[in-house]
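Examination of the molecular architecture
Residue-level listing of the chains:
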Amino acid sequence: MTEYASTRDLNQKTISYEETVLGGLAPDGGLYVPYQIPQLTTEELRQLLKMEYSELAARVKKFFAGDSLSINTLRDMTAKAYSKEIFPEQAGGIVTPVRKLVGTDICLQNLSLGPTAAFKDMAMQLLAQEMEYFLNLRGRYLDILGATSGDTGSAAEAALKNLSRVRIAILSPLIGMSDFQRAQMGNLTGDGVTNISVDGRFDDCQDLVKEVMASEEFHRLGAVNSINWARISAQIAYYFAGYAQSANKFGDSVDFVVPSGNFGNALAGHYARAMGLPIRNIIIATNENDVLHRFFQEGIYQEKSAIVTSSPSMDISKASNLERLIYILLGNDPLKTRQFMEQFSRSEAARLGDYGIPDNHLQTTGFNSGVSSHAKRIETMKWAASNGGGVIDPHTADALHVARQLPDDGVIKICLETALAVKFSPTLEKAGLEIPLLQHQRFAYLLNQPDVEAGFRKIAVDAEALKEILRQIFTMRT
Ligand SMILES: *Cc1c(COP(=O)(O)O)cnc(C)c1O
């Protein structure tokens, strides 16, 4: 049995995988984590690395879904989620193709070939299948509330919009999103999808969601942000796919460099490694909002109000998934995790050192980190274009910048490409680059969209105003 418990539950009451898919935060404010991390044998690993993506994704998911989903059900789901209709540019079952940069050991693994041109499609497409399956099975419906800094919202809406049992409302900030991201979301309105634009920043959106979901009236709403375990467990598979395409030979260690915000993506890499994939270091790349960098360098988790940057999907003041790593670092101890997180919310800072963990512990156990900036993004985008990387987006550029600072020690470094350049054309212009022709053609309908604003309802940072809209859109089903 594969079971889950909250990072903060002192009784460690377990729930099934199914319950993690349809739930959000645990009632005690913690996050659900698997009770045990599956361990692959060498032979199982060798087999996984030979599989085409949809089979690989089904097998990896099966380790975490336990009895909740059969392997054949999962195969049906991944065949749909990673089909040619949804990832049209795949070739030979390679959904996340890798390319190597000239004269380096650095590779780019493209995770962004899905419908909304960001890596969030990878998990969201599968999550949608899983939600629909469990809701059908139970004869249930689910209303979802979420917040986005730009990419989560459209990926969730694109994946969930045609499901008969799900309705979704997404808050997005007026400040920070690119015009393309806004057009993309505005365009997805309808079919049970409501977009709500908040006159504020991403943090305001996230706080509103938390506040409203804490109320009796709305606490049953579902979640699609990366605290949902189904998303993390869907992301583990592409680390295997990246390794299979990049390692010089079976068993060689590689590094992954991950453009990070809420720490969902990098956490999935940590689980892949814990299962037995030969990853040496997971390197966290941040932009100017360097909360994670400080954590990985000094063991201090300190909230810092976010500034708006040209890699906006990484503009965070705290990283919601970090709690899962903290739980692991604290020896899977819910009491210590609770104390750490309570200290963090009381004083906006907590130190691993206060829990007996040396300040440099993370660097000696397979993590590292680096910071990028606007100037470095621009410089790196230019460099990539003339060194076999093509035109990359600013988030990927943050990772590539950090990768280029690492010692040249013969170990392959795989940078995750988390969005396509088309989403961020003003930054491309600053680097003197143009949207690649294929991307331009594919997304022309968004680049020239006349009336984007009609797709949004607008509110101030006001929980009551939000509740009022939710009462309207989430009324009883007829
Ligand atoms: C969401 C996002 C990130 C950050 O990923 P996390 O899992 O939150 O760390 C990085 N880049 C892009 C383009 C994103 O959309």
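See the structure printed just above.
Residues numbered from 1 in each chain as written. Predicted model: local features only at pLDDT ≥ 70, side-chain atom pairs only at ≥ 80, totals over all residues. Heavy atoms only, no water.

Remarks on the overall build of the protein chain
The test is simple: Numbering goes from the N terminus for both helices and strands, where a helix is a DSSP run of H or I of at least four residues and a strand is a run of E of at least two. Throughout, radius of gyration means the C-alpha value; the globule benchmark is 2.2 Å times the number of residues raised to the power 0.38. Using a 1.4 Å probe on the protein chains alone, a residue whose accessible area is under 20% of its type maximum counts as buried, one over 50% counts as exposed, and one in between counts as partly exposed. We call two residues in contact when some of their heavy atoms are within 4.5 Å. Using a 1.4 Å probe, accessible areas were evaluated by the Shrake-Rupley method; residue-level cover was limited to the displayed protein chains. His is not counted, nor are the chain ends, whereas Lys and Arg count as positive and Asp and Glu as negative. All charge positions are set by atom: Lys at NZ, Arg at CZ, Asp at CG, Glu at CD.
For the protein chain, the count of helices and strands is 19 helices and 15 strands. Over its C-alpha atoms the protein chain spans a radius of gyration of 21 Å, differing by no more than 12% from the 23 Å that the globule rule assigns to 478 residues. Taken along the three principal axes of its C-alpha coordinates, the protein chain extends 60 × 55 × 50 Å. A total of 478 residues make up the protein chain; the buried ones form 61% of that total. A fraction of 75% describes how many contacts in the protein chain between residues 6 or more apart in sequence connect residues 24 or more apart. Surface summary for the protein chain: the accessible area is close to 18,100 Å², and the carbon and sulfur share equals 49%. Of the charged side chains in the protein chain, 47 are positive and 55 negative; the average position of the first set lies 3 Å away from that of the second.

Here we look at the site of the ligand
The test is simple: Definition of nearness: a residue and a molecule or strand are near each other if at least one heavy atom of the residue lies within 4 Å of the molecule or strand. Identification of polar contacts relies on pairs of N or O atoms within 3.5 Å, with a donor-acceptor requirement for protein atoms, meaning one able to donate a hydrogen and the other able to accept it, and with residues adjacent in sequence counted only if both atoms are side-chain atoms. Polar here means any residue other than Ala, Val, Leu, Ile, Met, Phe, Trp, Tyr, Cys and Pro, which are nonpolar, and Asp, Glu, Lys and Arg, which are charged; Gly is therefore polar.
Taken together, 15 residues lie around the ligand, and Lys120, Asp151, Gly261, Asn262 and Asn265 are the ones closest in. In this structure, an oxygen atom belonging to the ligand sits 2.7 Å away from a main-chain N or O atom of Gly261. The side chain of Thr418 places a nitrogen or oxygen atom 2.9 Å from a nitrogen atom of the ligand. Coverage of the ligand by the protein chains reaches 96% of its 380 Å² of free accessible surface. A breakdown of the residues in the shell around the ligand according to their chemical character gives 5 nonpolar, 8 polar and 2 charged.

What to know about the state of the cysteines
Think of a disulfide as a covalent bridge from one cysteine sulfur atom to another cysteine sulfur atom. Going by this rule: For the purposes of this analysis, a disulfide is any pair of cysteine sulfur atoms at a distance within 2.5 Å.
Summed over all chains, the structure comprises 0 disulfides. No disulfide involves Cys415; its nearest neighbouring cysteine sulfur is the one of Cys107, lying 8.5 Å away.

As for a nonpolar patch on the surface
Keep this limit in mind: Here a patch means residues that are over 30% exposed by relative accessible area and free of salt bridges, tied together within 9 Å if like-charged and within 5 Å if nonpolar (Val, Leu, Ile, Met, Phe, Trp, Tyr). Between Lys or Arg on one side and Asp or Glu on the other, a salt bridge is scored when a side-chain nitrogen of the former is within 4 Å of a carboxyl oxygen of the latter.
Together, Leu174, Ile175 and Val308 line one region of the surface with nonpolar side chains, adding up to about 230 Å² of accessible area. Considering the arrangement of structural elements, one finds Ile175 in the loop between strand 7 (166–173) and helix 7 (179–188).

Notes on the sheet that holds strand 6 (residues 142–147)
As a reminder of what qualifies: Between any two strands, pairing holds if DSSP finds at least two bridges. Only the stretch in contact is used when fitting a helix axis, every axis being a line fitted to C-alpha atoms; angles between N-to-C directions are given from 0 to 180 degrees.
The strand order 6-7-8-15 describes an open sheet built from 4 strands, whose pairing is parallel. Looking at strand neighbours, the two that pair on one side only are strand 6 and strand 15 (457–459), the edges of this open sheet. Strand after strand, the sheet turns through a mean of 20° between neighbouring axes, direction not considered. In the packing of helix 6 (residues 151–160) onto the sheet, the strands contacted are strand 6, strand 7 and strand 8 (193–198), and the crossing angle to strand 7 comes to about 165°. Against the sheet, helix 8 (residues 202–214) touches strand 6, strand 7, strand 8 and strand 15, its axis set at about 145° to strand 6.

Structural notes on the packing of helix 9 (residues 229–246) against helix 10 (residues 264–275)
Operational definition: Left-handed describes a crossing whose near helix is turned anticlockwise from the far helix through less than a right angle; right-handed describes the clockwise counterpart.
As a packed pair, helix 9 and helix 10 sit with axes 8 Å apart at the nearest point and diverge in direction by 60°. Along this stretch, helix 9 crosses helix 10, giving a crossing that reads as right-handed. Each of Trp229, Ile232, Gln235, Ile236, Tyr238, Tyr239 and Phe240 in helix 9 lies in contact with helix 10, whose residues at this interface are Gly264, Asn265, Ala266, Leu267, Ala268, Gly269, Tyr271, Ala272 and Met275.

Side note on the packing of aromatic side chains
Filter applied, for reference: For this analysis, a ring pair means two rings from Phe, Tyr or Trp (six-membered ring only for Trp) whose centres lie within 6.5 Å, classed as stacked if their planes differ by under 30 degrees, edge-to-face if by over 60, and tilted for the remaining angles. Look at NZ for Lys and CZ for Arg. If either is within 6 Å of the ring centre and within 35 degrees of the ring normal, a charge sits over the ring.
Enumeration over the complete set of coordinates arrives at 16 aromatic pairs. When the ring of Phe295 is compared with that of Tyr301, the centres are 6.1 Å apart and the planes differ by 75°; the resulting orientation is edge-to-face. Accessibility assignment for this pair places Phe295 and Tyr301 in one class, buried. In this structure an aromatic cluster arises from ring pairing among Phe263, Phe295, Phe296, Tyr301, Phe344 and Phe367. The ring of Phe456 is capped by Arg182, whose NZ or CZ atom sits 4.2 Å from the centre of that ring. Its end group placed over the ring of Phe367, Arg273 keeps NZ or CZ at 4.8 Å from the ring centre.

Quick word on the pairing of strand 5 (residues 106–110)
Within strand 5, 5 of the 5 residues are buried, which leaves the element mostly enclosed by the surrounding structure. Side chains Ile106, Leu108 and Asn110 of strand 5 all project onto a buried face; the interleaved residues Cys107 and Gln109 project onto the opposite face, where all are buried too. Pairing analysis gives 3 bridges linking strand 4 (residues 98–100) to strand 5, with the strands arranged antiparallel. Within strand 5, the position partnered with Lys100 by the bridge is Cys107. Where strand 4 folds back onto strand 5 in an antiparallel hairpin, the turn is made up of 5 residues, including Gly103, whose phi is positive at roughly 70°.

Looking at the pattern of salt bridges
Enumeration over the complete set of coordinates arrives at 27 salt bridges. Between Asp290 and Lys304 there is a salt bridge; the shortest N-O distance is 2.6 Å. With Asp290 in the loop between strand 10 (279–286) and helix 11 (291–298) and Lys304 in the loop between strand 11 (300–302) and helix 12 (322–329), this pair connects stretches of sequence that are 14 residues apart. Linking Arg351 and Asp359 is a salt bridge whose minimum nitrogen-to-oxygen distance equals 3.2 Å. Of the residues examined, Arg351 reaches a relative accessible area of 32% and is grouped as partly exposed. Salt bridges sharing common partners tie together Asp255, Arg280, Asp409 and Lys413.

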